[in-house]
Amino acid sequence: MLKLRTVCMGILLAFCVSFFNVPAFAAGPATKVACIGDSITAGAGTTNRSMYSYPSQLQKLLGTNYIVKNYGVSGRTMLKKGDYPYWNEAMFTDSKNWQPNIVIIQLGTNDTKPQNWAYKSEFVSDYVEMVNAYRNLASHPTVYVCYCPVVYPNSGGFSQSETIFVNEMIPMIKQVASQTGAIIIDNHAATSNMPANFPDCVHPNNTGAFALAFNVFKSLALPRTKVSFYEDADYKGAVVSLPSGNYTGGMLLAAGIRNDRMSSLKIPEGYKVEVYEHGDFSGTKWTFTADTSYVGDACNDKMSSFKIIPSGPTFYENKDYTGGAAILEKGEYLLSHMLAAEVPDNWVSALKVPRGYTVEIYQNGDFTGTKWTFTADTSYVGAACNDQMSSVRIY
């Protein structure tokens, strides 16, 4: 059974694309999402920032109709008079020049340091000015302002203050939202009661960063095909919905799914779900390919991790379909999309292409350079193409 934190419902975009036989990337330019912040946004505390920072994991959740850029800079403050103001950074200028459609601001953790909070009277005015700086761009983005993640006790020499944030800063951010029309994302509540995911008490690890990404994903309420997991049989009880991806036990908890709590599920056409007994994709595995009103006595309340696998071409690290493998659904994958889907740059040597699919592999990360086209299984892509894929279109 699932403990409900929220219901995350989505429009079946992939179905619409298939039904009308239109390539996934034909709907128009991708929506640009700019993540503004400090070291927590930058990915400090994760094992690989380009893959596991919260913006990178948000990219994976949103899919290829969105481009997420990480504009986090370690140690930076919202306050102009802080020790390291974000205002002075090239990232601030770059993020505006990019003309994003969505802006997510998560600054404030470093402002709670004593030397910075001495200027707290200017926090609201500085924050309002930054929100308006983005809102007044030619792209007229929707701006979200985040309550910062929890600062856990015994922060190992860090001077950020949880007390200041809860008692003083949250009311100020509410005031900023009221004055500007910005939308609040509560990343504070989303990261409560998970000290193990903040090893140094300030910076999230990979799972903690996923908790942030998933909370932002829910808050944006953007369409994406999802599999829905239900607490009880017959699609009843609490429900949580997730897009394609591999979800460990820790990630399930971060998404609001308690261990061993699932009795039925709904699966969009073309998707497969592998449910595992243990939290690390080990133990007994059960596979589902269609709506299932009851998963069966053997599987009931046994889910500790799972993989949601879309239909699409499979890319292999080595020729003859060996080595690491990754399945990508229809879409337009820049290099940043590939990395978010855990497909390394310059990695592919073979691929399996389902009937009716076309794969266009590009030499550069922005669909430029040499292009190779594949419409059938290929045990070796050839010397010229081998380990050259930096972007790819699938339709």
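Since the structure is predicted, the reported quantities are computational estimates derived from the model, not experimental observations. (Residues numbered from 1 in each chain as written. Predicted model: local features only at pLDDT ≥ 70, side-chain atom pairs only at ≥ 80, totals over all residues. Heavy atoms only, no water.)

Participant: For this particular structure, what's the right way to read the sheet that holds strand E9 (residues 264-266)?
Facilitator: What holds strands together in a sheet is hydrogen bonding between their backbones, with the strands either parallel or antiparallel. The 3 strands lie next to each other as E7-E6-E9, forming an open sheet whose pairing is antiparallel. Since the sheet does not close on itself, it has two edges, and those belong to strand E7 (236-242) and E9, each with one partner. Ignoring strand direction, the axes of neighbouring strands in this sheet form an average angle of 25°. As defined by bridge partners, strand E6 (residues 227-232) adjoins E7 across 5 bridges and the pair is classed as antiparallel. By the bridge assignment, valine 227 is partnered in E7 with leucine 242. (Pairing = 2+ DSSP bridges. Helix = DSSP H or I, 4+ residues; strand = E, 2+ residues; numbered from the N terminus. Axes fitted to C-alpha atoms, helices over the stretch in contact; angles between N-to-C directions.)

Participant: How should the packing of helix H5 (residues 90-97) against helix H7 (residues 123-135) be read in this particular structure?
Facilitator: Helix-helix packing is characterised by the crossing angle of the two axes and by the distance between the axes. Two elements in contact, H5 and H7, have axes whose closest approach is 10 Å; the angle formed by their N-to-C orientations is 35°. Taking contact as the criterion, the partners of Phe92, Ser95 and Lys96 in H5 are, on H7, Met130, Ala133 and Tyr134. (Contact = heavy atoms within 4.5 Å.)

Participant: Can you walk me through the side chain of threonine 112 in this structure?
Facilitator: Mapped onto the elements of the fold, threonine 112 is located in the loop between strand E3 (102-106) and helix H6 (114-117). Side-chain polar atoms of threonine 112 contact the backbone oxygen of threonine 109, separated by 2.7 Å. Polar contacts involving the side chain of threonine 112 include one to the main-chain amide nitrogen of serine 161, which spans 2.9 Å. When residues no more than four places from it in sequence are discounted, the contact partners of threonine 112 are Trp117, Ser159, Gln160, Ser161, Ile164, Phe165 and Met169. (Polar contact = N/O pair within 3.5 Å; in protein donor to acceptor, adjacent residues only side chain to side chain.)

Participant: How should I be thinking about the pairing of strand E11 (residues 285-288) in this particular structure?
Facilitator: Within a regular strand, side chains alternate between the sheet's two faces. Residues Trp286 and Phe288 point to one face of E11 and are all buried, whereas Lys285 and Thr287, pointing to the other face, are not buried. Relative to E11, strand E10 (residues 272-276) runs antiparallel, the two being bridged by 4 bridges. Residue glutamate 274 lies in a different strand from E11, and its bridge partner there is threonine 287. (Buried < 20%, exposed > 50% of the residue type's maximum accessible area, 1.4 Å probe, protein only.)

Participant: What is the right way to look at unusual backbone geometry in this model?
Facilitator: Even without glycine at this site, tyrosine 235 takes up a positive phi of about 60°. Structurally, the position occupied by tyrosine 235 is in the loop between E6 and E7. For phenylalanine 367, which is not a glycine, the phi torsion comes out positive at approximately 65°. Mapped onto the fold, phenylalanine 367 is located in the loop between strand E17 (359-362) and strand E18 (371-374).

Participant: Can you walk me through the sheet that holds E10 in this structure?
Facilitator: Ordered in space as E8-E12-E10-E11, the 4 strands form an open sheet in which the pairing is antiparallel. In the strand order of this sheet, the two ends are held by strand E8 (245-247) and E11, each with one partner. Neighbour-to-neighbour, the strand axes of this sheet turn through a mean angle of 10°, independent of strand direction. Two strands pair when backbone bridges link them, and E10 and strand E12 (residues 305-309) are joined in this way by 5 bridges, in the antiparallel orientation. Its bridge partner lying in E12, valine 273 is registered against isoleucine 308.

Participant: Would you mind going over the packing of aromatic side chains with me for this structure?
Facilitator: The description of two aromatic rings rests on the distance between their centres and on the angle between their planes. Scanning the entire structure with this criterion turns up 16 aromatic pairs. Ring centres 6.2 Å apart and planes at 55° place the aromatic pair tyrosine 71 and tryptophan 98 in the tilted group. Remark: tryptophan 98 occurs in the loop between H5 and E3 and tyrosine 71 occurs in strand E2 (residues 66-72); sequence separation between them is 27 residues. Considered together, tyrosine 71 and tryptophan 98 belong to a single accessibility category, that of buried residues. The residue whose ring lies beneath lysine 307 is phenylalanine 281, and the NZ or CZ to ring-centre distance is 5.1 Å. (Phe/Tyr/Trp six-rings, centres within 6.5 Å; stacked < 30°, edge-to-face > 60°. Lys NZ or Arg CZ within 6 Å of the ring centre and 35° of its normal.)

Participant: How should I be thinking about the pairing of E3 in this particular structure?
Facilitator: Most of E3 sits out of view: 5 of its 5 residues are buried. Every second residue of E3 is oriented toward a common face, with Ile102, Ile104 and Gln106 on one face and Val103 and Ile105 on the other, all of them buried. Here E3 runs beside strand E4 (residues 142-147); their pairing, made up of 4 bridges, is parallel. If you follow isoleucine 104 over to E4, its bridge partner there is tyrosine 144.

The quantities given are spatial measurements derived from coordinates; they are silent on function.
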